[in-house]
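# Secondary and tertiary structure notes
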Amino acid sequence: MNQDKLLNLVSQKQIKNFLVEFLETLNKDEESSIIDLKKHLCAKYNLPLMQNSQILWLIKKNFPEKFNKKINDKLKSRLSRTGSGVTPIAVMPKPFPCPGRCTYCPQGENAPKSYTGFEPATMRAIRSGYDAKNQVQTRLMQYEALGQPNQKCELIIMGGTFLSVPLDYQYQFVKECYDAFNGKVSKNLEQAKKINQTAKHRVIGLTIETRPDWCKEEHINRMLEFGATRVELGVQSLDDKVLRKVQRGHGQKEIIKATALLKDSAFKVCYHFMPGLYSSRKKDISMLKKLFSDENYKPDMLKIYPCLVIPNTKLYEEYKKGAFEPIDTLEAVQRIAQATKYFPPWVRVMRMQRDIPANKIAAGVKAGNLHQLVDKWLKEHNQKCRCIRCREIFSIYRNNKQINSEFDFDLVVRSYKASTGKEYFISYEDKKNDLLAGFIRLRIPANPFREEIDADSALIRELHVYGSEAEIGKISNDSIQHKGLGKTLLAKAEEIALKTKKTKLLIISGVGAREYYKKFGYSLKGPYMFKNIC
Ligand code: SF4
Ligand SMILES: [Zn+2]
């Protein structure tokens, strides 16, 4: 780890401000989760997420008088381990007009639609002149300087509606991202993807944000061509009257259609949902319930962003006239916390609250640690969220979880109907401690349109193992150590697919993960990894 290199990349002022607030919060609230605090403050001060050891080093260097045993013990514990092993790299294309006219959506100067220009990711993009290569390279260098692994990366393209910008720009932007990971310039996108399969920094997942009405067959084909694996859909409300009122430009029909097309093409689907959008507490809770009981929806992941009033939007005018009142932090905590009982064990609640700085929000939830507040509410009310995030194995550290007995992991299979197909959520779980070490999503598709997927095909939409096997082994007993979790989960999925009379398995895979699947006999077919399993 080269600490001096880190200091060259970020200003002393940023680091000092971070440290002052970090130490103050830690001294005030001993219960606060280190990982949430780090995430919140690193984002606030535009720093990459740092490891505990780096923060300790910086405290000793900058504020030796504030360094004490309590701080040392707290940071030396393994609270911050996420174990995901995947480095997120978020990039933004340059600002283009968005086909949407959503009344709550901000548009900052020189910022893509829906960003104020002051979010950490937007500020990085602006500093890079929205250059794709520069954004990726800078981020990789920052992780390198911080001594964080950056071999397995998840590329996230955010801002506006990327699929609606000029086509040439889309292809060039994605190609340049791969070029940056590869450290060399390719002739075209196909070559860039090929090089990335064995590059030092591999793109093992690619996420694109879009609108449901910009997620038709042609868009899905293009996203597959880009190497995308996950799509984030702006859903916001399950009430069409509300969607009309805020001028979303689409309704439930488009949401339901996009969800089905995505799942039948093997994509992972993440919804954005907006509590407080002309909605009562009762209605928000009932919509969050419906998301997981109505088979037309059932997203794999969820981001909950309470409605914010931001200056220079139509909603701001409504707010000033007294025609709209957003929910505050306390109300948002109540609504979300009370809805968690409807979250199934196969969904991952990714985040709550956007990255918009509090001083850019005219009214609404201003707390940057909403997720942490919801976790706290649940703890105080003796309730639990059973989503993936709250049960993944490294939540032991993040949430200070109590372990009641020896670890005992076993395969668990859950099935449910979704978008007229059938889903199998196969996971490796310790039931007594309610922990999850990895999972795979197998789908029997309903109406696929891709030529690679026929009536004999089943799909793998996601395979996720938390941490390396060795890391998990360190905290578990022999029951999961050395077994090869990914291999076990894949074998179980193949077995179930065969039982349902499917003879072909297709996996959606980031280009950087293709080599992994080759080890199990899969080969490339179109954008998918494919194997005959009969
Ligand atoms: S679609 Fe998204 S980016 Fe476009 S106006 Fe609506 S909220 Fe903003
Ligand atoms: Zn949860």
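Residues numbered from 1 in each chain as written. Chains lettered and ligands numbered in written order. Predicted model: local features only at pLDDT ≥ 70, side-chain atom pairs only at ≥ 80, totals over all residues. Heavy atoms only, no water.

### A look at the nonpolar core
- Within the largest apolar cluster, 97 residues are counted, with the highest numbers of intra-cluster contacts made by Met223 and Phe343.
- When residues are assigned to domains, this core turns out to be shared by domain 2 (82-235 + 266-272) and domain 3 (401-532), each giving three or more.
- Contact partners of phenylalanine 343, with chain neighbours within four places excluded, come to Leu288, Phe292, Leu302, Ile304, Val349 and Cys385.
- Ranked by size, the runner-up nonpolar core spans 21 residues in total, among them Leu442, Leu463, Leu490 and Ala513. (Core = buried A, V, L, I, M, F, W, Y, C linked by side-chain atoms within 4.5 Å. Buried < 20%, exposed > 50% of the residue type's maximum accessible area, 1.4 Å probe, protein only. Domains from an automatic or database assignment. Contact = heavy atoms within 4.5 Å.)

### Brief notes about the site of ligand 1
- Ligand 1 sits among Cys98, Gly100, Cys102, Tyr104, Cys105, Lys113, Ser114, Gly160, Arg211 and Arg248.
- Partitioning the shell around ligand 1 into residue classes produces 4 nonpolar, 3 polar and 3 charged. (Near = heavy atom within 4 Å. Nonpolar A, V, L, I, M, F, W, Y, C, P; charged D, E, K, R; others polar.)

### Examining the pairing of strand E5 (residues 268-273)
- Within E5, 6 of the 6 residues are buried, which leaves it mostly tucked inside the rest of the structure.
- Burial of the side chains of E5 extends over both faces: Lys268, Cys270 and His272 are buried on one face and Val269, Tyr271 and Phe273 on the other.
- By the bridge criterion, 6 bridges tie strand E4 (residues 230-236) to E5 in an arrangement that is parallel. Its bridge partner being in E5, arginine 230 is matched across the sheet by lysine 268.
- For E5 and strand E6 (residues 301-304), the ladder comprises 4 bridges, and the chain directions are parallel. What sits directly across from phenylalanine 273, in E6, is isoleucine 304. (Helix = DSSP H or I, 4+ residues; strand = E, 2+ residues; numbered from the N terminus. Pairing = 2+ DSSP bridges.)

### Re helix H20 (residues 485-499)
- End to end, H20 covers 21 Å across 15 residues, agreeing with the expected 21 Å (1.5 Å per residue, within 8%).
- Considered for burial, the residues of H20 that qualify are Leu485, Gly486, Leu489, Leu490, Ala493, Glu494, Ile496 and Ala497. On an axial view of H20, the arc spanned by its buried residues comes to 165 degrees, and they lie on one face. Across H20 from its buried face, at more than 90 degrees, point the exposed residues Lys487 and Lys499.
- Lysine 501 lies just past H20 and shows a positive phi near 70 degrees. (Expected span 1.5 Å × (residues − 1). Arc of directions from axis to C-beta.)

### A word on the confidence of the model for the chain
- In this model, the chain carries an average pLDDT of 89, and 89% of its residues clear a pLDDT of 70 or more.
- Within the model, the stretch residues 469-473 combines pLDDT values under 50 with 14 contacts to residues more than four positions away or in other chains. (pLDDT = per-residue confidence, 0-100.)

### Quick word on the sheet that holds strand E14 (residues 528-532)
- Taken together, the 7 strands give an open sheet; going across it, the order is E8-E9-E10-E11-E12-E14-E13, and neighbouring strands pair in mixed fashion. Each edge of the open sheet is held by one strand with a lone partner, namely strand E8 (409-418) and strand E13 (523-525). With direction set aside, neighbouring strand axes in the sheet form an average angle of 30 degrees.
- In terms of strand pairing, strand E11 (residues 457-465) meets strand E12 (residues 504-508) through 4 bridges, oriented parallel. Opposite alanine 458, over in E12, you have leucine 505 as the bridge partner. (Axes fitted to C-alpha atoms, helices over the stretch in contact; angles between N-to-C directions.)

### Some points on the pattern of salt bridges
- Going through the model one piece at a time under the given rule, you end up with 32 salt bridges.
- Arginine 443 is the partner of aspartate 264 in a salt bridge, and the nearest nitrogen-oxygen pair spans 2.9 Å. Here arginine 443 lies in strand E10 (residues 435-444) and aspartate 264 lies in the loop between helix H12 (252-263) and E5, a separation of 179 residues in the sequence. Side by side, aspartate 264 and arginine 443 carry an identical accessibility label, which is buried.
- The structure contains a network of salt bridges with shared partners spanning Asp264, Asp300, Glu423, Arg441, Arg443, Arg461 and Glu462. (Salt bridge = Lys/Arg side-chain N within 4 Å of Asp/Glu carboxyl O.)

### A word on the environment of glutamate 154
- Mapped onto the secondary structure, glutamate 154 falls in strand E2 (residues 152-157).
- When its relative accessible area of 16% is taken as the criterion, glutamate 154 is described as buried.
- It is 5.7 Å that separates the C-alpha atoms of glutamate 154 and leucine 206, two residues lying 52 residues apart in sequence.
- Residue contacts for glutamate 154: discarding those within four places in its chain leaves Val86, Thr87, Pro88, Ile89, Gly205, Leu206, Thr207 and Arg230.

### Here we look at the packing of helix H9 (residues 189-196) against helix H10 (residues 217-226)
- Taken N-terminus to C-terminus, the directions of H9 and H10 make an angle of 50 degrees; their axes are 10 Å apart at the nearest point. Comparing their axes, H10 and H9 come out oblique. Listed contacts from H10 to Leu189, Glu190 and Lys193 of H9 are Leu224, Glu225 and Phe226. (Parallel < 35°, antiparallel > 145°, perpendicular 65-115°, else oblique.)

### Brief notes about the sheet that holds E4
- Read across the sheet, 7 strands follow the order E1-E2-E3-E4-E5-E6-E7 without closing on themselves; strand pairing throughout is parallel. Of all the strands in the sheet, the pair left with one neighbour each is strand E1 (87-91) and strand E7 (348-352). Along the sheet, successive strands turn relative to each other by an average axial angle of 20 degrees, direction set aside.
- Judged from the 4 bridges that link them, strand E3 (residues 202-210) and E4 form a sheet pairing that is parallel. By the bridge assignment, threonine 210 is partnered in E4 with leucine 233.

### Describing the coordination of the zinc ion (ligand 2)
- For the zinc ion (ligand 2), the protein coordination sphere consists of Cys385 (SG), Cys387 (SG) and Cys390 (SG), at 2.2 to 2.4 Å.
- All donors of the zinc ion (ligand 2) belong to a single chain; written as a sequence motif, their spacing is C-x1-C-x2-C. (Donors = N, O, S within 2.8 Å, 3.2 Å for Na, K, Ca; no water.)

### Observations concerning the packing of aromatic side chains
- The tally for this structure, following the rule as stated, stands at 15 aromatic pairs.
- Ring geometry for phenylalanine 18 against phenylalanine 22: centres 5.5 Å apart, planes inclined by 20 degrees, an arrangement best described as stacked. One end of the pair, phenylalanine 18, and the other, phenylalanine 22, are both in helix H2 (residues 12-28), 4 residues apart, so they sit about a helical turn from each other. Each member of the pair, phenylalanine 18 as well as phenylalanine 22, is classed as buried.
- A centroid spacing of 4.0 Å and a plane angle of 10 degrees characterise the contact between tryptophan 346 and tyrosine 416, whose relative ring orientation is stacked. A residue pair is termed long-range when its members are at least 10 positions apart, and tryptophan 346 in the loop between helix H15 (329-339) and E7 and tyrosine 416 in strand E8 qualify at 70 residues. (Phe/Tyr/Trp six-rings, centres within 6.5 Å; stacked < 30°, edge-to-face > 60°.)

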